[in-house]
Every structure is written in C-alpha cells, then in structure tokens.
Amino acid sequence: MSEQQFFKVTIDNITVEVPAGTTVLMAARMIGGDVTPPAMCFYSKLQGSGGKCRTCLVEVSKGSEKDPRPMPKLVASCRTTVMDGMEVKNITSEKVVDARAGVTEFLLLNHPLDCPICDQAGECHLQDLGYEHGKAGTRYEFSRRTFDKEDIGPYIQLHMTRCILCYRCTYVASQLTDNRVHGVLDRGDHAEISTYISKAIDNDFSGNMIDVCPVGALTDKTFRFKNRVWFTKPVEAHRDCDKCCGKVTLWNRGDEVLRVTARKDEWGEVKSYDGKTGWICNTCRFDKKDLKDWTIEGPSRIARHSVISANHYLDTVKPKETIQEVMGGRQPKLLMDIHKVSDVNDPSVDLSRIAGPATGATFEKKNS
C-alpha cells in the first residue's frame, strides 16, 4: 500500500501541507481566520454540495511547482483541488474582493430585507456576508420576486422568498432519508424549492434541513417568533436516543428550552462524532423541550464576533456588582411586578409548550 501524498499550498502568504485531493477551501480552513473564504452552498458533510453560490472564489496566482502559470480566471475554492506549490490569494487579492462584493450583491437582489422579523437573524450566514462584502445601496430597479409561505411538514415552514438556492436541504433529504419528496422546480429566475403535489416532509430527520439552511428560508415552526437567539443561552446537552447521536445544543431562556439544534462547529456545520455526522432526529429536536429530558454538559462556546455571544463569554471575569453596595447590600429587585398589574404576558405560560408563535390569545385572561 503506497503512502499518502502531501502537497504544500500557500494561501495569503501562509503555507500549509495538506493531503493530495484536498480542496483549496478545506486547506484554508486548516489555516483558519480571515484566510478562509466564505461558503454559502458548500457543506463538507454533504456529498455533491458546492460550486453554486460562487462566494468562495479565489485567485490562483501560481498553479504548481511544475506549472507555475496563474489560472486565467477566479476559481471556486470548494471545487478546486490543491497542487504541490500552488499559491492562492483570498483577501490579499483585489479581484477576489471585488468579485465577492458582486456575488453578494447578486444574492441580495431578490432577498427581502426582513432581518428584524426573521428567525435566522443573528446566526444568518448571508447577514455576515452582506456585512463583510455588501454595499450600502442597490442598483436593482425591478420588483423582487416573491413566493407565498408554504408549510412543508408539521414542523417546518418554507419562506422561498428568502431562499438563495444553495441546494443543501435537498442533499440532506437525499442522503439522510430514502423518501425525499421535495426538490428544485423550474429553471432560471423561476427556480424554487418545493414539495411534490400533496406531499409533506415527515421523516424522522427532516429537521436537519433547518440546521443546514444558511438563511431563514426553512424555519422551525415550534420556535417561530418566540425569541431572539441572542436573548437565549446555548448549552450543550445529551440524552440516550435510539435514533441519533443524542448530542445537541439547547437554547434556553431561564429554565425554559425554546429550541433544540444539532451542535455546530466554527464553520456553521454540524459536528461529527466517532467519524459520523451528528445529525439529530425530530424527536430530540421538537419533542424534548424539558430540561429533565437532558443531561446538561455546560455552556456552548460561541465565537466572540457573533451576536449570540453577547453576555455569554467564557473564561472571563464577571464585573463587580455595584448596585448592592449602593442599596446597602440588598439584592437588586423590580419595584413592581408588571405582570400582576397589567394582567398580560402571564409568566406561567411556557412558550416552549406552545405549538406555534405566541399571540395575544395565548395570554388572554380567561373569564371564569
């Protein structure tokens, strides 16, 4: 058996040695930081993904040691394998920066500006891309394409207006289940994700489509409009499950579990355990919304640049509380319980137990 071959590749003046067959994007991820190109459609855990969004374009200034000629055009780093001696420019290339701004503008042509009401806000990859590479204005003069919201199962709602056609959800359905009932319909600017006529997605692993969606096109109906992710506290937990790995992230508000997701790595992809991707089943995701169902391991580590990390930093010293000193050692408390005075937003209502978004009817005082 021959030994595995390794190639040296230089990305933004940083050299790394990787196995032959590694893509430029995965090599950049080994370096990490700003050297790594963004990716909206590529997902290392899904076979066949990548090559569609073009956000990971890079400039190859040197093909290899044997053929040092630069590649004539920018290439998709998620589909381009490294060669020995290859030199790549990402953030150090003006061509790449300009092209990435153009791709971002293209992705935002039809995307609605509804971040204030979108459940994906705060953990949306398109938000990050737009902040880093987007422009203040738009040159688009035509009406944006719109679609009606569609329930594609008991737990998932599809907002096709927000979709960027990354195809991740179709790969999840194809590779995790044997009965995929949705896909891409039509072509060009009419292309859309939808289900077969009179079909609903109801398999045990359908919820993983929500985890892989980089935008707010696929939303959890049990979490819709109940809270913002930066108001919740993510903790890692596990349970014995006969369907999946049982390792999840709980998004808590106080003692209430508002949402359950698979654990994700620094690239926003589901983590792997023992060589297997940590997909979780619908039972763990949608039905286990009680802390008693889980064994808590500890708080999740969130990147400091993320809005989710607000007030959730680890390994930091908590500032000294001064209010107690001012109040003579007394604990700071509310002067009035507004719930008792106003008779609205009954604190006894458990949001995680409500089937859908909370409305006024949820807190309506019942006449005896």
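Everything quoted here is computed from the prediction, not taken from an experiment.

> Explanation requested: the packing of aromatic side chains in the structure shown.
The description of two aromatic rings rests on the distance between their centres and on the angle between their planes. With the rule as written, the count across this model stands at three aromatic pairs. Ring geometry for Tyr43 versus Trp279: centroids 6.3 Å apart, planes at 20°, classification stacked. You can see Tyr43 sitting in the loop between α1 (24–31) and β3 (57–62) and its partner Trp279 sitting in the loop between β15 (276–277) and α6 (282–287), a full 236 residues away along the chain. When its relative accessible area of 1% is taken as the criterion, Tyr43 is described as buried. Between the aromatic rings of Tyr155 and Phe286, the centroid separation amounts to 4.1 Å while the plane-to-plane angle is 5°, which identifies the pairing as stacked. Of this pair, Tyr155 sits in the loop between β6 (150–151) and β7 (156–158) while Phe286 sits in helix α6, placing them 131 residues apart in sequence. For Tyr155, a relative accessible area of 26% translates into the label partly exposed. Classification of Phe286 as buried rests on a relative accessible area of 7%.

> Sorry, what's going on with the side chain of His133 here?
Structurally, His133 is set in helix α3 (residues 125–133). Take His133: its relative accessible area is 17%, and that puts it in the buried class. With near-sequence residues (within four places) excluded, His133 lies in contact with Pro38, Arg100, Ala101 and Thr104.

> Before we go on, may I ask you to explain the nonpolar core in this structure?
One broad rule of soluble globular proteins: the nonpolar side chains tend to lie buried together. In this structure, Met40, Leu126, Met209, Val215, Leu218 and Leu250 are the most contacted members of the largest nonpolar core, which totals 49 residues. Aside from chain neighbours lying at most four places away, what touches Leu250 is Lys233, Pro234, Val235, Ala237, Val257, Arg259, Val260, Leu291, Trp294 and Ile296. Among the nonpolar cores identified, the runner-up in size contains 15 residues, and Val9, Val16, Val24 and Val75 belong to it.

> Would you explain the sheet that holds strand β2 (residues 14–19) in this entry?
The strands that make up a sheet pair up through hydrogen bonds in the backbone, lying either parallel or antiparallel. An order of β2-β1-β5-β3-β4 is seen for the five strands of this open sheet, with the pairing classed as mixed. Each having just a single partner strand, β2 and β4 (75–76) make up the two edges of the open sheet. Two elements, strand β1 (residues 6–11) and β2, share six bridges in a ladder whose sense is antiparallel. Counterpart to Phe7 in the pairing with β2 is Val18. Each of β1, β2, β3 and β5 (86–89) touches α1; the most contacted strand, β2, lies at about 120° to it. Lying on the sheet, helix α2 (residues 94–107) is in contact with β3 and β5; it crosses β3 at an angle near 160°.

> Before we go on, may I ask you to explain the side chain of Arg239 in this structure?
By secondary structure assignment, the location of Arg239 is in the loop between β11 (233–238) and β12 (247–253). Discounting chain neighbours no more than four positions away, the residues touching Arg239 are Cys245, Gly246, Cys284, Lys288, Asp293 and Trp294.

Conventions we followed
- Residues numbered from 1 in each chain as written.
- Predicted model: local features only at pLDDT ≥ 70, side-chain atom pairs only at ≥ 80, totals over all residues.
- Heavy atoms only, no water.
- Phe/Tyr/Trp six-rings, centres within 6.5 Å; stacked < 30°, edge-to-face > 60°.
- Helix = DSSP H or I, 4+ residues; strand = E, 2+ residues; numbered from the N terminus.
- Buried < 20%, exposed > 50% of the residue type's maximum accessible area, 1.4 Å probe, protein only.
- Contact = heavy atoms within 4.5 Å.
- Core = buried A, V, L, I, M, F, W, Y, C linked by side-chain atoms within 4.5 Å.
- Pairing = 2+ DSSP bridges.
- Axes fitted to C-alpha atoms, helices over the stretch in contact; angles between N-to-C directions.

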